[in-house]
Amino acid sequence: MINSGSFEDMEYAKLDTDRESRTGFPEVVFCEGKTDEHLVEIYKRLYQTDGRVFGTRASSHQYEVVKKALPGAEYDEVSRILKVLPDNYVKKEDDKDYIVVCTGGTADIPVAEEAAQTAEYFGTTVVRVYDVGVSGIQRVLSKQEVLQNANCVVAVAGMEGALASVIGGLVSNPVIAVPTSVGYGASFGGMSALLTMINSCANGITVVNIDNGYGAGYVATQIDRLAKRR
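Conventions and cut-offs
Residues numbered from 1 in each chain as written. Predicted model: local features only at pLDDT ≥ 70, side-chain atom pairs only at ≥ 80, totals over all residues. Heavy atoms only, no water. Buried < 20%, exposed > 50% of the residue type's maximum accessible area, 1.4 Å probe, protein only. Helix = DSSP H or I, 4+ residues; strand = E, 2+ residues; numbered from the N terminus. Pairing = 2+ DSSP bridges. Right-handed = clockwise from strand over helix to strand, strands pointing away. Phe/Tyr/Trp six-rings, centres within 6.5 Å; stacked < 30°, edge-to-face > 60°. Axes fitted to C-alpha atoms, helices over the stretch in contact; angles between N-to-C directions. Contact = heavy atoms within 4.5 Å.

Thoughts on the pairing of strand 4 (residues 53-56)
No. 1: The alternating pattern of strand 4 places Val53 and Gly55 on one face and Phe54 and Thr56 on the opposite face, and all of these are buried.
No. 2: Of the strand pairs in this sheet, strand 3 (residues 29-30) and strand 4 are connected by two bridges, and their pairing is parallel. In the sheet register, Val29 faces strand 4, and the bridge partner there is Gly55.
No. 3: With respect to chirality, the unit in which strand 3 leads through helix 2 (residues 36-50) into the neighbouring parallel strand 4 is right-handed.

Points about the packing of aromatic side chains
No. 1: Within this structure, the stated rule accounts for eight aromatic pairs.
No. 2: With a centroid separation of 6.4 Å and an interplanar angle of 40°, the aromatic rings of Phe54 and Phe122 are classed as tilted. Of this pair, Phe54 sits in strand 4 while Phe122 sits in the loop between helix 4 (109-121) and strand 8 (126-129); the two residues are 68 residues apart in sequence, bridging distant segments of the chain. In terms of burial, Phe54 and Phe122 fall into one category: buried.
No. 3: Ring centres of Tyr63 and Tyr75 lie 5.5 Å apart, and the angle between their planes is 15°; on these two criteria the pair is classed as stacked.

Things to note about the sheet that holds strand 10 (residues 175-179)
No. 1: With respect to topology, five strands assemble into an open sheet ordered 8-7-9-10-11, the strand pairing being parallel. Since the sheet does not close on itself, it has two edges, and those belong to strand 8 and strand 11 (205-207), each with one partner. Here the average twist between neighbouring strands, direction ignored, is 20°.
No. 2: Strand direction decides the pairing type here: strand 10 and strand 11, joined by three bridges, are parallel. Note that in strand 11 the partner of Ala177 across the bridge is Val207.
No. 3: The sheet contacts of helix 9 (residues 213-229) involve strand 7 (99-103), strand 9 (153-157) and strand 10, and relative to strand 10 the element is tilted by about 175°.

What follows is the structure in structure tokens.
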């Protein structure tokens, strides 16, 4: 049963302090668009509550502001992730239970890293397979074993977004397709890749929103946890 009082009201934000016990995942901060003052206070409150904070779509300026309040803050310019980890944090590595995050091209890596680092933050082992787009099909075919042994595969691609369909035809595990806004004019900011992925004839493909690496990493972690329960 949901406790209707299990949040902290900060007027400009209502922090869901009960989310991890309810869903298995703590609240994550979407940094973009927040004022410096609001962002810092949200990070401080979440750190006091959970001992860690994870934020997406942050700027280097926001990192500098948060770091003044929380010296342990870390920022990755590629994924734009701003996080504060516990003092005793140890990155988990598991050769048996892992997910794969792959990209069609190098330009898709920022979205892929958002997915990969989200999954790692939540305790998932991630194997990265980058720049294996279908224009050089031998590249993804050379990674068949690591793809087939993963608990799930996150396929990140722009342009026409064909990578997810190809991988979907090679593996028996779930594929999470992430369309990116990478491409020329007719890609319509990722709409072309999105439609290709939604209309894929390969089975077992689930599609998240354009550039939504965080959402893909979250779902991949849920799948990984279910696989581990076996």
